[in-house]
Amino acid sequence: MILSIVLTLLSDRFLTVDNLLNVARQVSINAIISVGMTLIILTGGIDLSVGSILAFSGSITAGLLAGGQAILPAILAGVAAGAILGLINGLLVARAGIPPFIATLGTMTAARGFTLVYTDGRPITGMEEAFRFLGGGYLASIPVPVVIMAAIFLAAYIMLTQTRFGRYIYAIGGNEEAARLSGINTKKILLAVYTLGGVLAGFSGIIMASRLNSAQPTAGTGFELDAIAAVVLGGTSTAGGVGTVGGTLIGAMIIGVLDNGLNLLNVSSFYQQVAKGAVILLAVYVDKKRKGG
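Now for a description of the structure that goes with this document. (Residues numbered from 1 in each chain as written. Predicted model: local features only at pLDDT ≥ 70, side-chain atom pairs only at ≥ 80, totals over all residues. Heavy atoms only, no water.)

### Side note on the pattern of salt bridges
Right, on to step 1. Per the counting criterion, the structure on display carries 2 salt bridges.
Right, on to step 2. Among the ionic pairs, Arg 122 bridges to Asp 120, the shortest N-O distance being 3.0 Å.
Right, on to step 3. In this structure, Arg 180 engages Glu 177 in a salt bridge whose closest nitrogen and oxygen atoms are separated by 2.5 Å. Taken together, the positions of Arg 180 and Glu 177, both in helix H9 (residues 176–181) and 3 residues apart, correspond to about one turn of that helix.
Right, on to step 4. A residue is classified by how much of its surface remains accessible, and Arg 180, at 43% relative accessible area, is partly exposed. (Salt bridge = Lys/Arg side-chain N within 4 Å of Asp/Glu carboxyl O. Helix = DSSP H or I, 4+ residues; strand = E, 2+ residues; numbered from the N terminus. Buried < 20%, exposed > 50% of the residue type's maximum accessible area, 1.4 Å probe, protein only.)

### Observations regarding helix H3 (residues 50–66)
Right, on to step 1. The terminal C-alpha atoms of H3, which comprises 17 residues, lie 24 Å apart, in line with the 24 Å expected from a rise of 1.5 Å per residue.
Right, on to step 2. Within H3, 14 of the 17 residues are buried, which leaves it mostly tucked inside the rest of the structure.
Right, on to step 3. Gly 68 lies just past H3 and shows a positive phi near 100°. (Expected span 1.5 Å × (residues − 1).)

### A word on the packing of aromatic side chains
Right, on to step 1. Applying the stated rule across the entire model yields 1 aromatic pair.
Right, on to step 2. Aromatic side chains Phe 56 and Phe 114 sit 6.1 Å apart centroid to centroid with 45° between the ring planes, which places their arrangement in the tilted category. Taken together, the positions of Phe 56 in helix H3 and Phe 114 in helix H5 (residues 100–119) put the pair 58 residues apart, joining distant regions of the chain.
Right, on to step 3. A relative accessible area of 14% places Phe 56 in the buried class. (Phe/Tyr/Trp six-rings, centres within 6.5 Å; stacked < 30°, edge-to-face > 60°.)

### Re a nonpolar patch on the surface
Right, on to step 1. Nonpolar side chains collect at one region of the surface, where Phe 133, Leu 139, Ile 142 and Val 147 lie side by side and expose about 320 Å² of accessible area between them.
Right, on to step 2. Topologically, Phe 133 is positioned in helix H6 (residues 133–136).
Right, on to step 3. When its relative accessible area of 44% is taken as the criterion, Phe 133 is described as partly exposed. (Patch = residues over 30% accessible without salt bridge, like charges linked within 9 Å, V, L, I, M, F, W, Y side chains within 5 Å. Areas by Shrake-Rupley, 256 points an atom, 1.4 Å probe, with all protein chains shown as cover.)

### Overview of empty space enclosed by the protein
Right, on to step 1. Evaluated as defined, the whole model comprises 1 cavity of 30 Å³ or more.
Right, on to step 2. The calculated volume of the largest cavity comes to roughly 50 Å³.
Right, on to step 3. In this structure, the largest cavity is lined by Leu 54, Ala 55, Gly 58, Gly 205, Met 208, Ala 209, Leu 212, Ser 214, Ala 215, Gln 216 and Ala 219.
Right, on to step 4. At the level of secondary structure, the elements contributing two or more residues to the lining of the largest cavity comprise H3 and helix H10 (186–212).
Right, on to step 5. Among the elements that line the lining of the largest cavity, the one with the most residues is H10, at 4 residues.
Right, on to step 6. The residue inventory of the lining of the largest cavity, partitioned by class, reads 7 nonpolar, 4 polar and no charged. (1 Å grid on protein atoms, 1.4 Å probe; cavity = no way out; pocket = protein on both sides within 12 Å on 5 of 7 lines; lining within 4 Å. Points joined across faces, edges and corners; volume = space filled by probe spheres on them. Nonpolar A, V, L, I, M, F, W, Y, C, P; charged D, E, K, R; others polar.)

### A few points about the nonpolar core
Right, on to step 1. Core analysis: the largest hydrophobic core is formed by 76 residues, its most contacted members being Phe 131, Leu 134, Ile 148, Ile 169 and Phe 203.
Right, on to step 2. Of the residues forming this core, the biggest block, 13 residues, is contributed by helix H2 (residues 17–42).
Right, on to step 3. Here Phe 131 is in contact with Thr 61, Leu 65, Ile 71, Ile 75, Ile 206, Ala 209 and Ser 210, once residues within four sequence places are set aside. (Core = buried A, V, L, I, M, F, W, Y, C linked by side-chain atoms within 4.5 Å. Contact = heavy atoms within 4.5 Å.)

### Some details on unusual backbone geometry
Right, on to step 1. You will see that Asp 120, though not glycine, has its phi angle at about 60°, which is positive.
Right, on to step 2. A positive phi is found at Ser 141, a non-glycine position, where the angle reads about 70°.
Right, on to step 3. Mapped onto the elements, Ser 141 comes out in the loop between strand S1 (138–139) and strand S2 (142–143).

### Digging into helix H11 (residues 223–233)
Right, on to step 1. The buried fraction of H11 is high, at 8 of 11 residues.
Right, on to step 2. All of the buried residues in H11 are Glu 224, Asp 226, Ala 227, Ile 228, Ala 229, Ala 230, Val 231 and Leu 233.
Right, on to step 3. Remark: Gly 235 follows H11 within two positions and exhibits a positive phi of approximately 95°.

### Here's the deal with the packing of H3 against H5
Right, on to step 1. With their axes 8 Å apart at the nearest point, H3 and H5 run at an angle of 25° to one another. On the basis of the axis angle, H3 is roughly parallel to H5. Relative to H5, the crossing made by H3 is left-handed. When H3 is examined against H5, the residues Gly 51, Ser 52, Ile 53, Ala 55, Phe 56, Ser 59, Ile 60, Gly 63 and Leu 64 are found in contact with a partner set consisting of Met 108, Ala 111, Arg 112, Phe 114, Thr 115, Tyr 118 and Thr 119.
Right, on to step 2. Partitioned by chemical class, the residues of the contact of H3 with H5 number 9 nonpolar, 6 polar and 1 charged. (Axes fitted to C-alpha atoms, helices over the stretch in contact; angles between N-to-C directions. Parallel < 35°, antiparallel > 145°, perpendicular 65-115°, else oblique. Left-handed = near helix turned anticlockwise from the far one by under 90°.)

This is the structure we're talking about:
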């Protein structure tokens, strides 16, 4: 709220309908990825591969569309690619016992390599016009990605607060060994959580490819950092067991508003990174003090 007030005073272009819708559209991709990241961090894990999964899934879908494949099968193939990579993360963490940071760092590198091999290091273009509706269309004057984002956040909220699966996620993050001894199949839950993270990252890549009308092999670079920042800004504990997707949405909006405001003020992209880091550190510090840490 304070950030929005400051930006409104500094730029007369910030508080306009067009700009706010643009912010929401820009935020949507990071926010969707951040939902999956929230689930993973709630279990006490982390996923550094989401940016690479985004690029790989977007490239798979774009490649199939450019080759003449129908839209729905191409989208499903891209989502499936994200699910497979997420499942691999889950297997490495839950079955092989590799720390999440190391496991997903390896997947991040491998998925980026797969993307470069598949695309030969070049953007994929030539997709049919109807595909652009997913990333660039409107439903009742609201951007389609924003509608999708809202639906995903609602589903995640219901899942975490109203289902046994959601309770198990919190239990694992609170104390994985205690959760296992209480009868929870912790490995199965972790597999599902990392797979969901891959699905959401992959779907975000497809939305991005639709919006840009091309799939870039370098797409998603650094997106894992923005997703983690959104989750942390939203109050989710990196130790696991504490957090909400509502908080993550607020965190994603803070990052989006900050990026948009700095662009409107013509701040150098170099200084934007400094400002973003400072805001994240300040928000985490304030939250820690508020909780008596």
